[in-house]
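Structural characterization, general
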Amino acid sequence: MKMKKLLTALLSAALLLTGTGISSKQVQAQEQTRSSEDLSASEEYVAAMGAGWNLGNSFDGVDTDLNAEDKGETAWGNPPVTKELIHAVKEKGFQSIRIPLTLYHRYTEENGVCTIDPKWLARYKEAVDWALEEGLYVMVNIHHDSWIWLKEWDGNTASSEYKRFTQLWEQLAAYLADEPKQVCFETINEPQFSEKENVTDQQRLDSLNQAAYDIIRKSGGNNAARMIVMPTMNTNHEEEKVQGLLKFMQGLNDPNLIATVHYYSEWVYSANLGITGFDEALGDDGNTPRKAADSFFTVLADNFLKNDIGVVIGEYGLLGYDAGEDCLQSGEELKYYEYMGAKAAKQDGICLMFWDNGSGIDRNDASYAWKKPLAGTMLQTSANQRSSYAKGLDTLYFNKKTDKDIRIPLTLNGNTFTGIKDAAQGKDYTYDEKAKAVILKRDFVNRAYESFSAKEYGTFADLVFTFSGGAPWHQYLVKYGTVSSGSAKGTVADGISVPVQFKGSRIRRVSAYAADGKTGPQSGWWNYLQYQEHFYADYEKDLFVITDKFFADDTVKGKDGLLRFEVQFFDGNTQDIWLKVSGEQVTGKKSLEKKPSVADIRVKAGKKKAVKLANVADGAEISYQTEDRKTASVSGKGDVKGLKAGKTKVKVTVLQYGKVYKFTGTVQVNK
């Protein structure tokens, strides 16, 4: 442990013990007092970068069809970058900006010589300089070229990909050589390679990092001592990939190097494959998204920081952020941002840079407001202070008036609870300070509930909890009714839409089943479908949509028959939606299934007779058992053998479409 870190911890503890009542923000400010005596040059630089933001899908946007017109920074739908946007980024509290740059489609090649379009370079530099004028640190990189063409490099330095990469860096480094030290160079974004013989991914990455390093250091101006940022393979934080980069960087023996990784949390939570809670179990091993974040930071600390190498998390966020307004559970999303900011802020030498491709800050809004205000507030706040929140979901569901007070336990993170906006403590709610829980009075909740008519559903109260520090917490009270669905129509190619009366309910997760069990993407190892990618809800139009990508999966494609979608809601209810696939056509209604049954059996002693089942689908899992095994036995294939005269029952269990059916039939054994 560095001496500064130890002293900081002791100082913070001493202040708390004195009873001075300092806020969590003040404590964190103490923790973040940086000392150049105790930090390496790399860590000190990263500390100065503070909280960062990505200007994504602008200078990195590109049409990969070289015959198409290059629309430049507007290629992927964002408006041209403005000086006012950069100013807004600074005003929101960010201290650094990463400006991804794709050079594909912006250079010409003739006789093996690659030349970047000078107008493109000048425009890019203009944005860099705007950021510098705002006092921001700037991270320059070569971006989507990594997967567009560089991934095919075979490891041979005589190959065209290697020559192109080095020529691009020669021009980029020379063009920006006189930029101040606040500009750092990232060698390549998310390096990835196609499999080749006789060369490993790490060997190829080392060669590219070495080439960029040598070019930058020899290119004059401020580049001799400029900070150079190097990625792990795939910018992944797996131990093997982290150690691969660490070994290479240590071999350079250069204090002006920074490591970079990306982090979008665990996929099933980040993209919403049925896991929506930040503290929800990801499997049977007890891991959660929160614990995964702990492990992530531990890997960085135990490898890079331990060896005095600062780390930039060049991209972080959640994959479902821009996959539809309802993809992520809003409160659980906020908990992730809060925790990530806290973990980074407490650790010297780590900078978090939020990935924004245009779905974060509204670039078409004159004031550059956040499209999701609560997320934006938490992203900004988490950079320098802790925030508080409910231990459970931010939404509580009611389908009738409550007969008891509602208890909401809190996670305070060092803050104190100060009240509920526009509500009276004592009358509308009380606070259990020892248990750290808000208790909403029954009458208060019921008055709000009754403000809705009998046929009205949705949020009937938005309670704003306030605290001594950090962002406020919104606790929503929602009225819901019984979900009902109608007939579906559509095609395999276009997907299908099912009319659903949601009545205030919100989908938590969805599973899909064919007769023989789970089906659809990831069904070989996972229970739930991915929101937006394979299904989504349109709550305004009251539609449940299964996308064409679900039907394109190998487990579904070309197969006729019934499908059952088990839709689970946050209020605890479940709705089955049945579809029938016939070639390209998909139809459905509330239920297309008839329950299995068994016919009564008459058999002579010493003889066999097969059990006759009805409404059992091909591929179903079936088991049999007789009640009185002395009267009759039954085989695993359903053949009943009479043993002695008398009556008994055959018990049948059928597992089909993910549902278990148990039923019995009478067995009459005659002499």
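To be clear, the structure that these remarks concern was listed above.
Residues numbered from 1 in each chain as written. Predicted model: local features only at pLDDT ≥ 70, side-chain atom pairs only at ≥ 80, totals over all residues. Heavy atoms only, no water.

1. Here's the deal with the nonpolar core
Membership of the largest hydrophobic core comes to 164 residues, with the highest contact counts inside it found for Y337, L440, F544 and F551. Considering every element that reaches this core, the biggest residue donor is helix α5 (residues 118-133), with 8 residues. Excluding its chain neighbours within four sequence positions, the residues that come into contact with Y337 are Y316, G317, L318, Y321, F354, A375, M378, L379 and S382. Judged by nonpolar contacts, the second largest core, of 16 residues, contains I601, Y624, V667 and V669. (Core = buried A, V, L, I, M, F, W, Y, C linked by side-chain atoms within 4.5 Å. Buried < 20%, exposed > 50% of the residue type's maximum accessible area, 1.4 Å probe, protein only. Helix = DSSP H or I, 4+ residues; strand = E, 2+ residues; numbered from the N terminus. Contact = heavy atoms within 4.5 Å.)

2. A closer look at the packing of helix α11 (residues 289-303) against helix α12 (residues 330-345)
Look at α11 against α12: their axes get within 11 Å of each other, and the N-to-C directions meet at 25°. By the angle class used here, α11 and α12 are roughly parallel. Crossing angle aside, the handedness with which α11 passes α12 is right-handed. Between α11, through R290, A293, D294, F296 and F297, and α12, the contact on the second element is made entirely by Y339, M340, K343 and A344. Its residues assigned to classes, the contact of α11 with α12 shows 6 nonpolar, no polar and 3 charged. (Axes fitted to C-alpha atoms, helices over the stretch in contact; angles between N-to-C directions. Parallel < 35°, antiparallel > 145°, perpendicular 65-115°, else oblique. Left-handed = near helix turned anticlockwise from the far one by under 90°. Nonpolar A, V, L, I, M, F, W, Y, C, P; charged D, E, K, R; others polar.)

3. A look at the packing of helix α7 (residues 160-175) against helix α8 (residues 201-217)
Viewed as axis vectors pointing N to C, α7 and α8 meet at an angle of 30°, and their least axial separation amounts to 9 Å. Between α7 and α8, the crossing angle belongs to the class labelled roughly parallel. For the element pair α7 and α8, the recorded crossing hand is right-handed. Taking contact as the criterion, the partners of Y162, F165, T166, W169, E170 and A173 in α7 are, on α8, S207, L208, A211, A212, I215 and I216. Its residues assigned to classes, the contact of α7 with α8 shows 9 nonpolar, 2 polar and 1 charged.

4. Quick word on a positive patch on the surface
A cluster of basic side chains, namely R602, K609, K612, K647 and K649, defines a positive patch on the protein surface. Looking at the element boundaries, K647 is found in strand β36 (residues 646-656). (Patch = residues over 30% accessible without salt bridge, like charges linked within 9 Å, V, L, I, M, F, W, Y side chains within 5 Å. Areas by Shrake-Rupley, 256 points an atom, 1.4 Å probe, with all protein chains shown as cover. Salt bridge = Lys/Arg side-chain N within 4 Å of Asp/Glu carboxyl O. Lys, Arg positive; Asp, Glu negative; His and termini not counted. Charge placed at Lys NZ, Arg CZ, Asp CG, Glu CD.)

5. Some words on the sheet that holds strand β31 (residues 608-610)
With antiparallel pairing, the 3 strands of this open sheet are ordered in space as β31-β35-β34. Since the sheet does not close on itself, it has two edges, and those belong to β31 and β34 (632-634), each with one partner. Neighbour-to-neighbour, the strand axes of this sheet turn through a mean angle of 25°, independent of strand direction. Of the strand pairs in this sheet, β34 and strand β35 (residues 639-642) are connected by 3 bridges, and their pairing is antiparallel. Residue pairing across strands places V634 opposite V640, the latter belonging to β35. (Pairing = 2+ DSSP bridges.)

6. A word on the environment of E109
For E109, the location among the structural elements is in strand β3 (residues 107-110). Judged by its relative accessible area of 39%, E109 is partly exposed. Separated by 94 residues in the primary sequence, E109 and Q203 have C-alpha atoms spaced 27 Å apart. Every residue in contact with E109, bar those within four places of it in the chain, is listed here: C114 and R164. Of note is the side chain of E109, whose polar atom sits 3.1 Å from the side chain of R164. (Polar contact = N/O pair within 3.5 Å; in protein donor to acceptor, adjacent residues only side chain to side chain.)

7. Focus: the pattern of salt bridges
Inspection of every chain in the model, using the stated rule, returns 27 salt bridges. With a shortest N-O distance of 3.1 Å, E333 and K372 are connected by a salt bridge. On the criterion of sequence distance, the pair formed by E333 in helix α12 and K372 in the loop between β10 (350-354) and α13 (373-381) is long-range, its members being 39 residues apart. The buried category is assigned to E333, whose relative accessible area is 4%.

Fair warning: the whole summary comes from geometry, so function is off the table for now.
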